Amino acid sequence: MRIWVNGGLRDADTALVSVFDHGLTVGDGVFETVKATEGRPFALTRHIDRLARSARGLGLPDPDHDEVRRACEAVLEANPMPLGRLRITYTGGFSPLGSDRGDKGPTLVVAAAEAKRRPDTTAVITVPWTRNERGALAGLKTTSYAENVVALARAHEQGASEALFANTVGQLCEGTGSNVFVVLDGQLYTPPLSSGCLAGITRALTMDWTGALEADLPLDALDRAEEIFLTSTTRDVQAVHRVDSRELSPTPGPLTAKAMRIFEDHAAADPDPRVP
């Protein structure tokens, strides 16, 4: 495995960052996960743009877009695989212990790993913890991910692949690494960004391509929804067949199946869909 670290490719055993890196010591960093098929990344421009937005949200300098793109291309070329996931990590870099940042500049790491196509349907749970829609990190894709680790472990203990959060006012928000869509009275909805959810790349494309609407939704919309699905880079569009103890259709419902087909067709036609 060859990994990009701060300007060049390294073998896995020499791809090292300092133990004083702020991304390690305090979670001061941002990241992106990008799907790659036969060495071709999907929606890379959108992912790099969001990496920069998240960096600005933390007060980090903008990453060099060209360098990030070169790093992704180099890693994919050095690690051929039929279906993979790129992980772009950008941190505050070498810093003193504590919350203050150092002056050595950011760290950029790009790595790749093989991936498997997700099943068409999955089970999810809800968790008692909330997303803070008014927090400093709301809507940012940061390396401060421990609460997602805890929630996802809870999901796995209950035979599910994802955990869904409400926000502090009881509205449906998002999963640990996904956005959520529901069908209510035949209409497709997803929580708005004001709920505190991440501005998912797959979420935005699904909305553009299917006409789904944003709406504030109470958490119990999951109890009433005719269909539910998740979106993310590694899932694309994935139907939900169980929420907690509630069983839904064992196969994707009609609107979910349509969204799956639409997303697959559009993604195949344009591997780097830009913002209009």
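The structure we're discussing is the one just above.
Model, not experiment: these values are computed from the prediction.

How do you make sense of the pattern of salt bridges when you look at a structure like this?
Working definition: two side chains of opposite charge can pair if their charged atoms are close together. In this structure the tally under the stated criterion is twelve salt bridges. The partner of Asp62 in a salt bridge is Arg56, with the nearest N and O atoms 2.9 Å apart. Between Arg274 and Asp272 there is a salt bridge; the shortest N-O distance is 3.0 Å. When its relative accessible area of 52% is taken as the criterion, Arg274 is described as exposed. Residue classification places Asp272 among the buried positions, given a relative accessible area of 17%. Within the structure, one salt-bridge network assembled from shared partners comprises Arg117, Arg118 and Asp120.

Even after reading the chapter, I still don't get the packing of helix 2 (residues 44–58) against helix 3 (residues 65–78), so can you show me in this structure?
A pair of packed helices is captured by two measures, namely the crossing angle of their axes and the spacing between those axes. Packing of helix 2 against helix 3 leaves a shortest axis separation of 11 Å and a crossing angle of 130°. When the interaxial angle is binned, helix 2 and helix 3 end up oblique. Between helix 2 and helix 3 lies a crossing of right-handed hand. Contacts between helix 2 and helix 3 involve Leu44, Thr45, Ile48, Asp49, Leu51 and Ala52 from the first element and His65, Val68, Arg69 and Cys72 from the second. Within the contact of helix 2 with helix 3, the residues separate by chemical class into six nonpolar, two polar and two charged.

How do you make sense of the nonpolar core when you look at a structure like this?
Side chains that are nonpolar tend, in soluble globular proteins, to be buried together. Counting residues in hydrophobic clusters, the biggest one holds 24 residues, and the most contacted among them are Leu86, Ile88 and Val110. Looking at which element gives the most residues to this core, the answer is helix 3, with six residues. When neighbours within four sequence positions are excluded, Ile88 is seen to be in contact with Val30, Phe31, Glu32, Val34, Leu51, Val68, Cys72, Leu108, Val109 and Val110. Within the second largest apolar cluster, 17 residues are counted, among which are Phe181, Val183, Trp209 and Phe263.

Explanation requested: the packing of helix 5 (residues 201–210) against helix 7 (residues 254–269) in the structure shown.
The contact between helix 5 and helix 7 brings their axes to 10 Å, and the two run at 105°. Relative to helix 7, the element helix 5 is oriented roughly perpendicular. From helix 5, Thr202, Leu205, Thr206, Trp209 and Thr210 reach across to helix 7, where they touch Ala259, Ile262, Phe263, His266 and Ala267. Here the contact of helix 5 with helix 7 is built from residues that sort into six nonpolar, four polar and no charged.

Please explain the sheet that holds strand 2 (residues 8–11) as it appears in this structure.
Neighbouring strands of a sheet are bound in pairs by backbone hydrogen bonds; such pairs are parallel or else antiparallel. A sheet is described by the order of its strands in space; here six strands give the open sequence 2-1-6-5-3-4, paired in antiparallel fashion. Both outer strands of the open sheet, strand 2 and strand 4 (40–41), are each paired with one neighbouring strand and no more. Pairing of strand 5 (residues 83–91) with strand 6 (residues 107–114) involves eight bridges; the strand directions are antiparallel. From the neighbouring strand, Thr89 faces strand 6, where its bridge partner is Val109. Sheet strands in contact with helix 2 are strand 3 (29–37), strand 4 and strand 5, and its direction is about 175° off that of strand 3.

How do you make sense of the environment of Gly7 when you look at a structure like this?
In this fold, Gly7 is placed in the loop between strand 1 (2–5) and strand 2. Residue Gly7 is classed as partly exposed on the basis of its relative accessible area of 47%.

Would you mind showing me how to read helix 2 here?
Given 3.6 residues per turn, any residue in an α-helix points the same way as the ones three and four places further on. Helix length check: helix 2, at 15 residues, gives a terminal C-alpha distance of 21 Å against a target of 21 Å (1.5 Å per residue), a fit within 8%. For helix 2, the tally of buried residues reaches eleven of 15 residues, placing the bulk of the element in the interior. Looking only at helix 2, the buried set comprises Leu44, Thr45, Arg46, His47, Ile48, Arg50, Leu51, Ala52, Ser54, Ala55 and Leu58. In this structure, the buried residues of helix 2 make contact with strand 3, strand 4, helix 3, strand 5 and helix 5. Trailing helix 2 by a residue or two, Gly59 shows a phi angle of about 85°, which is positive.

Would you explain helix 7 in this entry?
Between its first and last C-alpha, helix 7 extends 23 Å over 16 residues, near the 22 Å set by a 1.5 Å rise per residue. Among the residues of helix 7, Thr256, Ala257, Ala259, Met260, Ile262, Phe263 and Ala267 are the ones counted as buried. Contact partners of the buried residues in helix 7: helix 5, strand 13 (227–232) and strand 14 (236–243).

Rules used throughout
- Residues numbered from 1 in each chain as written.
- Predicted model: local features only at pLDDT ≥ 70, side-chain atom pairs only at ≥ 80, totals over all residues.
- Heavy atoms only, no water.
- Salt bridge = Lys/Arg side-chain N within 4 Å of Asp/Glu carboxyl O.
- Buried < 20%, exposed > 50% of the residue type's maximum accessible area, 1.4 Å probe, protein only.
- Axes fitted to C-alpha atoms, helices over the stretch in contact; angles between N-to-C directions.
- Helix = DSSP H or I, 4+ residues; strand = E, 2+ residues; numbered from the N terminus.
- Parallel < 35°, antiparallel > 145°, perpendicular 65-115°, else oblique.
- Left-handed = near helix turned anticlockwise from the far one by under 90°.
- Contact = heavy atoms within 4.5 Å.
- Nonpolar A, V, L, I, M, F, W, Y, C, P; charged D, E, K, R; others polar.
- Core = buried A, V, L, I, M, F, W, Y, C linked by side-chain atoms within 4.5 Å.
- Pairing = 2+ DSSP bridges.
- Expected span 1.5 Å × (residues − 1).

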